[in-house]
Amino acid sequence: MIESTSLTPIIGAQKISQAKKQIDNAQKIVIITHLSPDGDALGSSLALYHYLLNLGKEVKVVVPNSFPYFLKWMNGTKDIVVNTYIPNVAEAIIKNANLIFCLDFNILKRIGVLGDLVAQSTAEKILVDHHLSPDEVFDTVISYPHISSTSEIIFRLISQMGDFEKISPIIAECIYTGMMTDTGVFTFNSNDPEIFEIISLLIKKGIDRDQIYSNVFNNYSENRFRLLGFTLSQRMKTYPELRSALIYLSKEDQAQFPITKGDTEGFVNYPLSIKNIVFSVFIREDEDMVKVSLRSQGAFPCNEFAEDYFDGGGHLNASGGEFYGKIEDAITLFEKGLEEYADVLKQCE
Ligand code: 5GP
Ligand code: MN
């Protein structure tokens, strides 16, 4: 049992003592998370940020690019250094750090141009993550793909280091936000009973679950909903035989309902609510590339599909990738992939 809780200590004792030593020995610490940070990326990073600040460390969170407006309410977002806005500052922080925490990603490619800076740094590097197959550049690897969020692993890390008492209401709120968003408000990857033990502990720490839900999910712009309506009625194709659905948006489509970053978050999940659909893909034309988001239910490995066709990866049921070219060609490639995976899809429960 983890002291003060009834949780299983899933992080090995050696990793805990190694991480503790690395934190003790470091004064300048940087926390880095993945491109287009989501609720878990920011929740885990800010939870660790507040914990390390309270320990008296000089600590910064650096993110490769901006994050959606519905996460800006989180405590500490104003201190985050966004590389695309102030690259010189981000570079200096990474170069001066003697400990680098990498959160919620497995390979340096996921942090874009910051990857080279991390690779070149002589600082100690700790990975805390829940994706398969981590890079080999990390000194300490705290990676548990069966855990549904990095934020939960941060909770476990702090608790197993003996600092459960140091989890403040602010830290608890960040952790809960990441756990909530990475499980679709506990609707997938959420059958581990310990998730709910942790939630109970976080409530005792003082979080307001209803308020956190509302902060994230009841703050969208009107145009997001108009675009969502358009997408589902005009830009959705289903492939019932193959248990699959596609939604797609060109730049022109998006220009009809001016939206900001993050406004299409969650769109890809909607087709999974259609009876018998187990695989949903969202292909969106961005400024410099075509972004592909993939979701599945059950055993269908959408991360393998993302790897095979869109140079991507991720989790079994939630993955992403990229395509460089015309959106029409991305759709054609997706449909070719569907045919190649037809047997697997037809067998899905
Ligand atoms: P989303 O569809 O929300 O952007 O991403 C879902 C998940 O897919 C992420 O949590 C991440 O694990 C993975 N992912 C998204 N985009 C990429 C990508 O371009 N490359 C890889 N390797 N994984 C991605
Ligand atoms: Mn995550």
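Residues numbered from 1 in each chain as written. Chains lettered and ligands numbered in written order. Predicted model: local features only at pLDDT ≥ 70, side-chain atom pairs only at ≥ 80, totals over all residues. Heavy atoms only, no water.

Undergrad: How do you make sense of the overall build of the chain when you look at a structure like this?
TA: A tally of helices and strands in the chain yields 13 helices and twelve strands. In summary, the chain has a C-alpha radius of gyration of 20 Å against a globular reference of 20 Å for 349 residues, a match within 12%. Its C-alpha atoms give the chain principal-axis dimensions of roughly 55 × 45 × 40 Å. The contacts in the chain between residues at least 6 apart in sequence include a share of 66% that link residues at least 24 apart. With an accessible surface of roughly 15,600 Å², the chain has 49% of that area assigned to carbon and sulfur atoms. Distance from the positive charge centre (31 side chains) to the negative charge centre (46 side chains) of the chain: 3 Å. (Helix = DSSP H or I, 4+ residues; strand = E, 2+ residues; numbered from the N terminus. Rg over C-alpha atoms; globule rule 2.2 N^0.38 Å. Contact = heavy atoms within 4.5 Å. Areas by Shrake-Rupley, 256 points an atom, 1.4 Å probe, with all protein chains shown as cover. Lys, Arg positive; Asp, Glu negative; His and termini not counted. Charge placed at Lys NZ, Arg CZ, Asp CG, Glu CD.)

Undergrad: I would appreciate a short explanation of the packing of helix H2 (residues 39-54) against helix H6 (residues 169-182) in the present structure.
TA: In helix packing, the relevant descriptors are the interaxial angle and the interaxial distance, both defined with respect to the helix axes. With their axes 7 Å apart at the nearest point, H2 and H6 run at an angle of 160 degrees to one another. The angle between H2 and H6 falls in the class roughly antiparallel. As for the relative orientation of H2 and H6, their crossing is left-handed in sense. In this structure, H2 contributes Gly-39, Asp-40, Gly-43, Leu-46, Ala-47, His-50, Tyr-51 and Asn-54 to the contact, and H6 contributes Ile-170, Ile-171, Cys-174, Ile-175, Thr-177, Gly-178, Thr-181 and Asp-182. (Axes fitted to C-alpha atoms, helices over the stretch in contact; angles between N-to-C directions. Parallel < 35°, antiparallel > 145°, perpendicular 65-115°, else oblique. Left-handed = near helix turned anticlockwise from the far one by under 90°.)

Undergrad: Sorry, what's going on with the pattern of salt bridges here?
TA: Any two side chains of opposite charge can pair, given that their charged atoms come close. Inspection of every chain in the model, using the stated rule, returns ten salt bridges. Put simply, Arg-235 and Asp-253 hold a salt bridge, and the shortest N to O gap is 2.8 Å. Here Arg-235, found in the loop between helix H9 (222-234) and strand E7 (236-239), pairs with Asp-253, found in helix H10 (residues 251-256); they are 18 residues apart in sequence, far enough to count as distant. A salt bridge links Asp-286 to Arg-284, with the nearest nitrogen and oxygen atoms 2.8 Å apart. Here Asp-286 matches Arg-284 in class, with each residue buried. Taken together, the salt bridges that share partners define one network made up of Glu-152, Arg-156 and Glu-194. (Salt bridge = Lys/Arg side-chain N within 4 Å of Asp/Glu carboxyl O. Buried < 20%, exposed > 50% of the residue type's maximum accessible area, 1.4 Å probe, protein only.)

Undergrad: How do you make sense of the coordination of the manganese ion (ligand 2) when you look at a structure like this?
TA: Ideal coordination angles are 109.5 degrees for a metal with four donors arranged tetrahedrally and 90 or 180 degrees for a metal with six donors arranged octahedrally. Each protein donor to the manganese ion (ligand 2) is listed here as Asp-40 (OD), Asp-104 (OD), His-130 (NE2) and Asp-182 (OD); together their distances run 2.2 to 2.4 Å. Taken in sequence order, the residues that donate to the manganese ion (ligand 2) follow the motif D-x63-D-x25-H-x51-D. Here Asp-40 is found in helix H2, whereas its partner Asp-182 is found in helix H6, with 142 residues between them in sequence. Each member of the pair, Asp-40 as well as Asp-182, is classed as buried. (Donors = N, O, S within 2.8 Å, 3.2 Å for Na, K, Ca; no water.)

Undergrad: Help me understand the domain arrangement of the chain in this model?
TA: Accessible area lost when the parts come together is the quantity often used to give the size of an interface. Domains assigned within the chain are domain 1 (13-216) and domain 2 (222-347). Using C-alpha coordinates to define each centre, domain 1 is positioned 27 Å away from domain 2. Contact with domain 1, which involves 13 residues of that partner, is made by ten residues of domain 2. At the boundary of domain 1 with domain 2, total buried surface from both sides reaches about 910 Å², with 48% on carbon and sulfur atoms. Linking domain 1 to domain 2 there are one salt bridge. Of the charged contacts in the structure, one is a salt bridge between Asp-311 and Lys-109, with a shortest N-O distance of 3.7 Å. For the pair domain 1 and domain 2, the interface holds four residue pairs in polar contact (both at pLDDT 80 or more). (Domains from an automatic or database assignment. Buried area = accessible area lost by both parts, 1.4 Å probe. Polar contact = N/O pair within 3.5 Å; in protein donor to acceptor, adjacent residues only side chain to side chain.)

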